Each structure stands twice: as structure tokens, then as C-alpha cells.
Amino acid sequence: MTYQRYLGSCHCQGVRYEAEFDLAAGSNRCNCSLCSKARAWFLFVRGDKMNLLCGEELLSTYEWVPEGRSESGLSYRFCSRCGIRLYATGELAELGGRFYAIHVPTLDSLDRDELVNAPLRFVDNAHDRPDRAPTDTRLM
Ligand SMILES: [Zn+2]
């Protein structure tokens, strides 16, 4: 694991953050109903590797309880001024407790070629199968 520090922000620059992660761990595209609408593209960051630099007061939260579940599990945080979603956050034992799913397009200091060469995973959460890719990923 080679952790590197990256900077990110929303469109209006009201919310800015820094995060450390290993880009070689890759990023994800998901086909659940929410990710489809938001064109979500995210990568996981451990809770202790994410730091909000400014804009906490601008962040709004969306909680969604998927069908068949009793609670949301994830809080989607977005800038109330420009509307850009910055990340979702939740708790998962597999990810070491608190984690962030950072919206990749909000990363400002990411090298384009590095990103192109990093693994990209497609996950079939529309069918509750995060362990596999959907059969059709063309519009994800
Ligand atoms: Zn903003």
C-alpha cells in the first residue's frame, strides 16, 4: 500500500478536503438506483485518512434506506451551494470502521494518467451483488 495525499473540492470551492489513499486499490462504479442518478464514481478512504479542510457548514446530508433494509448505513454529503456530492460516509468492519466513499471527480490533485491506469471496478448493487460486475456496464 502506497498512501498518497490528495486534495479535493466541490464546484464552488466552498467545501475542500484532503484524503490519503492508495490509488492502486482502484475506484468503483455502481448501478444502484442512487448511484445511477448521481453517476457515482467513488473510491474508499479510511475514516482516519479523510480530513475536511473547510465548508462543514455548507454540507447537506441525504440518507437513503434501500428497499429491504432497516437503515441507510450511508450518509451522502453534498454542497448545499453548488450541489456537488463530495462523498458518502458510513461504518463497515471490512473497511476498518468509519469510511468515506469519495466521489472521484471531486479530486483536484489526481494525475489523469495515474487515474486512467488505476483499476476500475463495476459493482452490481442494483441486484444486491457487490461481489460481481453487472452484465451490462456500457452506461455506467
Ligand atoms: Zn460547493
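Keep in mind the model is a prediction, meaning the values are calculated, not measured.

What counts, and at which threshold
Residues numbered from 1 in each chain as written. Predicted model: local features only at pLDDT ≥ 70, side-chain atom pairs only at ≥ 80, totals over all residues. Heavy atoms only, no water. Pairing = 2+ DSSP bridges. Helix = DSSP H or I, 4+ residues; strand = E, 2+ residues; numbered from the N terminus. Axes fitted to C-alpha atoms, helices over the stretch in contact; angles between N-to-C directions. Donors = N, O, S within 2.8 Å, 3.2 Å for Na, K, Ca; no water. Tetrahedral: all angles 85-135°; square planar, octahedral: opposite > 155°, others 65-115°. Buried < 20%, exposed > 50% of the residue type's maximum accessible area, 1.4 Å probe, protein only. Salt bridge = Lys/Arg side-chain N within 4 Å of Asp/Glu carboxyl O. 1 Å grid on protein atoms, 1.4 Å probe; cavity = no way out; pocket = protein on both sides within 12 Å on 5 of 7 lines; lining within 4 Å. Points joined across faces, edges and corners; volume = space filled by probe spheres on them. Phe/Tyr/Trp six-rings, centres within 6.5 Å; stacked < 30°, edge-to-face > 60°. Lys NZ or Arg CZ within 6 Å of the ring centre and 35° of its normal. pLDDT = per-residue confidence, 0-100.

Peer 1: What is the right way to look at the pairing of strand β2 (residues 16-21) in this model?
Peer 2: A regular strand places its side chains so that they alternate between the two faces of the sheet. Judged from the six bridges that link them, strand β1 (residues 4-9) and β2 form a sheet pairing that is antiparallel. What sits directly across from Tyr-6, in β2, is Ala-19. What sits between the antiparallel neighbours β1 and β2 is a turn of six residues, in which Gln-13 has the positive phi angle 70°. Across four bridges, β2 lies against strand β5 (residues 50-54) in antiparallel orientation. Within β5, the position partnered with Tyr-17 by the bridge is Leu-52.

Peer 1: Looking at this model, I keep getting lost on the sheet that holds β1. Mind explaining?
Peer 2: Sheets are built from strands that pair by backbone hydrogen bonding, the pairs being arranged parallel or antiparallel. Read across the sheet, three strands follow the order β1-β2-β5 without closing on themselves; strand pairing throughout is antiparallel. In the strand order of this sheet, the two ends are held by β1 and β5, each with one partner. Each adjacent strand pair in this sheet contributes to an overall mean axis angle of 25°, direction not counted.

Peer 1: I keep staring at the coordination of the zinc ion and nothing clicks. Help me out?
Peer 2: Where a metal carries four tetrahedral donors, each ideal angle is 109.5 degrees; where it carries six octahedral donors, the ideal angles are 90 or 180 degrees. Here the zinc ion is held by the protein donor atoms Cys-10 (SG), Cys-12 (SG), Cys-79 (SG) and Cys-82 (SG), which lie 2.3 to 2.4 Å from it. Viewed at the metal, the four donor atoms of the zinc ion are separated by angles of 105 to 118°, and the geometry they form is tetrahedral. Overall, Cys-12 belongs to the partly exposed group, its relative accessible area being 27%.

Peer 1: Can you walk me through the pattern of salt bridges in this structure?
Peer 2: Under the criterion given, the structure shown has eight salt bridges. The partner of Arg-69 in a salt bridge is Asp-128, and the shortest N-O contact between them spans 2.8 Å. Taken together, the residues Arg-69 in the loop between β6 (59-63) and β7 (74-79) and Asp-128 in the segment after β10 (120-123) connect sequence positions 59 residues apart.

Peer 1: Can you help me understand the layout of surface pockets in this one?
Peer 2: A probe as big as a water molecule, rolled over the atoms, marks out the empty space that is left. In this structure, the largest pocket encloses a volume near 980 Å³. Together, 40 residues line the largest pocket, and Cys-30, Arg-69, Leu-74, Asn-125 and Pro-130 are the ones closest to its centre. Contributing elements (two or more residues each) for the lining of the largest pocket: β3 (27-30), α1 (33-38), β4 (41-46), β7, β8 (85-92), β9 (97-103) and β10. Sorting elements by how many residues they give to the lining of the largest pocket places β8 first, with five residues.

Peer 1: Whenever I open this one, the packing of aromatic side chains confuses me. Can you help?
Peer 2: Geometry of an aromatic ring pair is reported as the spacing of the ring centres plus the angle between the planes. Counting across every chain of the model gives five aromatic pairs. With a centroid separation of 5.5 Å and an interplanar angle of 75°, the aromatic rings of Phe-42 and Phe-44 are classed as edge-to-face. A relative accessible area of 36% places Phe-44 in the partly exposed class. A ring pair is formed by Tyr-62 and Tyr-76, whose centres lie 6.4 Å apart and whose planes are at 45°; its orientation type is tilted. One end of the pair, Tyr-62, is in strand β6; the other, Tyr-76, is in strand β7, with 14 residues separating them in the sequence. According to the relative accessible area criterion, Tyr-62 is partly exposed, its value standing at 39%. Taking the relative accessible area as the measure of exposure, Tyr-76 reaches 7% and is therefore buried. By the ring-pair criterion, three or more aromatic residues cluster together here, those being Phe-42, Phe-44 and Phe-99. Looking at Lys-49, its charged tip hangs above the ring of Tyr-3, at a distance of 5.0 Å from the centre.

Peer 1: Can you help me understand the confidence of the model for the chain in this one?
Peer 2: The predicted coordinates of low-pLDDT regions are not to be read in fine detail. Per-residue confidence for the chain averages 93 on the pLDDT scale, and 100% of its residues sit at or above 70. When pLDDT is averaged over each element of the chain, β2 comes out on top at 98 and α1 at the bottom at 89.

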